[in-house]
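Observations on chain architecture
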Amino acid sequence: MQQSIYFLLTWATPAFGLVAFLLAYRMYVGIQALPAGNARMQEISTAIRDGANAYLKQQAQYLSVFIIIAFLGIWWALKFPTALCFVFGAASSLLAGYLGMKSATIANVRTAYAASNKQPGEALMIAFNGGAVMGLTVAALGLIGLGILSLIFNTPEAYEPIIGFAMGASSVALFARVGGGIYTKAADVGADLVGKVEAGIPEDDPRNPGVIADNVGDNVGDVAGMGADIFESYVTCIIGCIALAATLSPDLIGRITSFQPTSNITEYRQWLMATPLILGLLGTIASFIAIKWMSLLKDGDPAKALRMSILIASLLFLVFSLGFFMITPVNVTLWFPVIFGTMCGIGIGVTTEYYTSSKPIFEIVNAAKTGPATCMINGIAVGFRSVALPLIFIVAAVLISNYFGGVYGVALAGVAMLSTTGIIMTIDAYGPIADNAGGISEMSHLGPETRAITDKLDALGNTTAAIGKGFAIGSAGLTALAVFGAYTQTFTAANRTIDLSITNPMLVMGVFLGAMLPCLVVAFTMQSVGKAAGLIVTEIRRQFREISGLLEGREGVKPDVSRCVEIATKAALSEMRAPGLVAFITPLLVGFIMGPEALAGLLLGTTVVGVVLGIFMSNTGGAWDNAKKFIEQGLIEGEKKGSDAHKAAVVCDTVGDPFKDTSGPSLNILIKMVSILALLIAPLL
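A cluster of nonpolar side chains, namely Leu581, Ile585, Leu589, Phe592, Ile593 and Leu684, defines an oily patch on the protein surface of about 570 Å² accessible area. For Ile593, the location among the structural elements is in helix H17 (residues 577-594).

Evaluation of the coordinates by the stated rule reveals 18 aromatic pairs. Judged by centre distance (5.7 Å) and plane angle (50 degrees), the rings of Phe71 and Trp75 are tilted. In this pair, Phe71 and Trp75 both sit in helix H2 (residues 39-77), four residues apart, roughly one turn of the helix. Residue classification places Trp75 among the partly exposed positions, given a relative accessible area of 43%.

With that settled, the discussion passes to the environment of Ala12. Take Ala12: it is sitting in helix H1 (residues 2-32). Separated by 132 residues in sequence, Ala12 and Ile144 place their C-alpha atoms 10.0 Å apart.

So, on to the packing of helix H18 (residues 596-632) against helix H19 (residues 644-681). At a minimum axis separation of 6 Å, H18 and H19 run at an interaxial angle of 155 degrees. Classified by the angle their axes make, H18 and H19 are roughly antiparallel. In the packing of H18 onto H19, the handedness of the crossing is left-handed. Among the residues making up the contact of H18 with H19, the classes are represented as 23 nonpolar, 13 polar and six charged.

Below, the discussion takes up the nonpolar core. Grouped together as the largest cluster of nonpolar side chains are 224 residues, with contacts concentrated most on Leu272, Val338, Tyr408 and Tyr487. Considering each element in turn, this core owes the most residues, 22 residues, to helix H6 (residues 211-247). Here Val338 is in contact with Leu279, Phe317, Leu318, Ser321, Phe325, Leu412 and Ala416, once residues within four sequence places are set aside.

With that settled, the discussion passes to the confidence of the model for the protein. The pLDDT averaged across the protein works out to 83; a share of 96% of its residues lies at or above 70. Per-element averaging of pLDDT across the protein places helix H14 (residues 448-493) at the bottom with 73 and helix H12 (residues 372-419) at the top with 90.

With 33 residues, helix H4 (residues 120-152) should reach 48 Å at 1.5 Å per residue; the first-to-last C-alpha distance of 48 Å fits that figure. Most of H4 is tucked away: 26 of the 33 residues are buried.

To continue, consider the environment of Phe384. Residue position: Phe384 is located in helix H12. Distance in space between the C-alpha atoms of Phe384 and Phe616 is 5.6 Å, their sequence separation being 232 residues.

On to unusual backbone geometry, then. Even without glycine at this site, Lys118 takes up a positive phi of about 60 degrees. Among the structural elements, Lys118 can be located in the loop between helix H3 (80-116) and H4.

Tracing the backbone through its elements, the reader meets Met226 in helix H6. Judged by relative accessible area, which is 0%, Met226 ranks as buried. Expressed as a C-alpha distance, the spacing of Met226 and Leu193, which sit 33 residues apart in the sequence, is 25 Å.

As a further point, take the packing of H6 against helix H8 (residues 265-293). Packing of H6 against H8 brings their axes to within 7 Å, and their N-to-C directions diverge by 160 degrees. Accordingly, the angle class assigned to the pair H6 and H8 is roughly antiparallel. Between H6 and H8 lies a crossing whose hand is right-handed. Taking contact as the criterion, the partners of Tyr234, Ile238, Cys241, Ile242, Ala245, Ala246 and Thr247 in H6 are, on H8, Arg269, Leu272, Met273, Pro276, Leu277, Gly280 and Thr284.

Rules behind the numbers
Residues numbered from 1 in each chain as written. Predicted model: local features only at pLDDT ≥ 70, side-chain atom pairs only at ≥ 80, totals over all residues. Heavy atoms only, no water. Patch = residues over 30% accessible without salt bridge, like charges linked within 9 Å, V, L, I, M, F, W, Y side chains within 5 Å. Areas by Shrake-Rupley, 256 points an atom, 1.4 Å probe, with all protein chains shown as cover. Salt bridge = Lys/Arg side-chain N within 4 Å of Asp/Glu carboxyl O. Helix = DSSP H or I, 4+ residues; strand = E, 2+ residues; numbered from the N terminus. Phe/Tyr/Trp six-rings, centres within 6.5 Å; stacked < 30°, edge-to-face > 60°. Buried < 20%, exposed > 50% of the residue type's maximum accessible area, 1.4 Å probe, protein only. Axes fitted to C-alpha atoms, helices over the stretch in contact; angles between N-to-C directions. Parallel < 35°, antiparallel > 145°, perpendicular 65-115°, else oblique. Left-handed = near helix turned anticlockwise from the far one by under 90°. Nonpolar A, V, L, I, M, F, W, Y, C, P; charged D, E, K, R; others polar. Core = buried A, V, L, I, M, F, W, Y, C linked by side-chain atoms within 4.5 Å. Contact = heavy atoms within 4.5 Å. pLDDT = per-residue confidence, 0-100. Expected span 1.5 Å × (residues − 1).

Here's what the structure looks like:
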């Protein structure tokens, strides 16, 4: 009976992944059939889509060189199946980002059109469904890829090639997130500084040469880059749990399953290896139901509707997972790590929402009244305050999960946090679609009433994006701990001992080097955004100065938007290499030169500092952005667009942009990439 259930569930995973992919395609076709507005709106939408396509095509060409070199290196050092899985993971990550971008660039103009018809509920649903295509696609690709590989490499002796899949996804995600983040924030910062601060023209004003590049950046960074990011987070969590299950001690297996000394332990290992993947399947089903449920909530408060969609998906997932534990030889006590992993994710989301869209925003705005310096100081304080509760939630999840399931329970908590990736990615991708809709509305002169609707959706998008990043960063900490357990078990299985005591100087040196790595990545990415934004600023100033009648808005005079798109593309592709290569090479050098203890320390240091910096930067940037939008929406008495407080908030927002959309999100990928790379090279050490 149990073997029949195992057979059914393992085959159902890739099968439902294909079904989810077809459902996403059906939603895409439905959005595409909606009216796209007038000729001007369609012209702008086409320019955004063409710019995003051109960038992603060039990015894929750049990354193909890295993928080929890494493939040959893994084949030489390890095995051909591992190298092949690496390419499979890399290709899946690129595909996830590309398909999400396709959906976002057709949903943006249709959202703007619905808003122009004074249909805020319909505009919300179009943006949400555009994000849902992305969410279902990411989950579907993960289930298909991991489902197929798990059917092939489904024994404890043969699981190692699956690690290559995670490595491929992580490597591409880091480059894609960094490159896309540099693009979008360079264009955004450049357009805001010259347009809003210097020239005093509205955001997304068609006179500004940088606005098309800014809107392209939303799609290549916040959609395609984030899609690759969440895909990587999703599959790495599951693979980390699989790797741990394959190396668990018989004692722990006996504690968390119905295994008896007379039983075949391999069968129980296979159940534990399949469990995270099946939880991903159940989470995707729950996400799809929540996505369809959203249509009943669209006419209410948008923030409440999106919050309810996450809650519905989470509750359904917990019910489904309880049913799974009750019919399998995996102990039902492992449901508690699933509960607390899910609660940890929700807790991080609620905390993020509070610090990026509630009372702390008014504190930042009040500080902005005395200038950009005080606004920045207060925003940094709010950002650091926002780190405390998520860390407490992570600690609580680890404590309780370890009590009920040991290190495997902790790994399962991380899987639970991202099992509802379908809905998490949906609300994340919703944000840039709403942002693009606002830009199209402004450039198409659809009027202040339309812009008021899109601005409300966009402000909510800042919060939903921060929530998505919070889930990814929180899960990174739990995943790293799971992979750390699998890393140490690798040496135990090979009858080797490693000294991980705090008095071991190699471990301590590794911790310091690990703490250094997130700081270096942040430094590289922030500097890259600054350099690229400087080029955009110079170009926009040149056009305002040299194109007669442009700034005055003379009829028939248009900016050279292609030049800003070209500058942002070249800058992003050239600047993404340094942080990506540093993140990839450092663990290799530490592992092969300093040994396995130092590499374990590197993993620990990177995880702790990366989680803290990642949460801080994502929340600080989101808070600064919403402080600016609160003023623009008239929520602050006595303040409006163009006031001194608004200008101060815009300056802070330009600093916060690379915080929340480039440097901060790259850290959760860094944590998991270092973890998986350590696990991959462990047999060579």
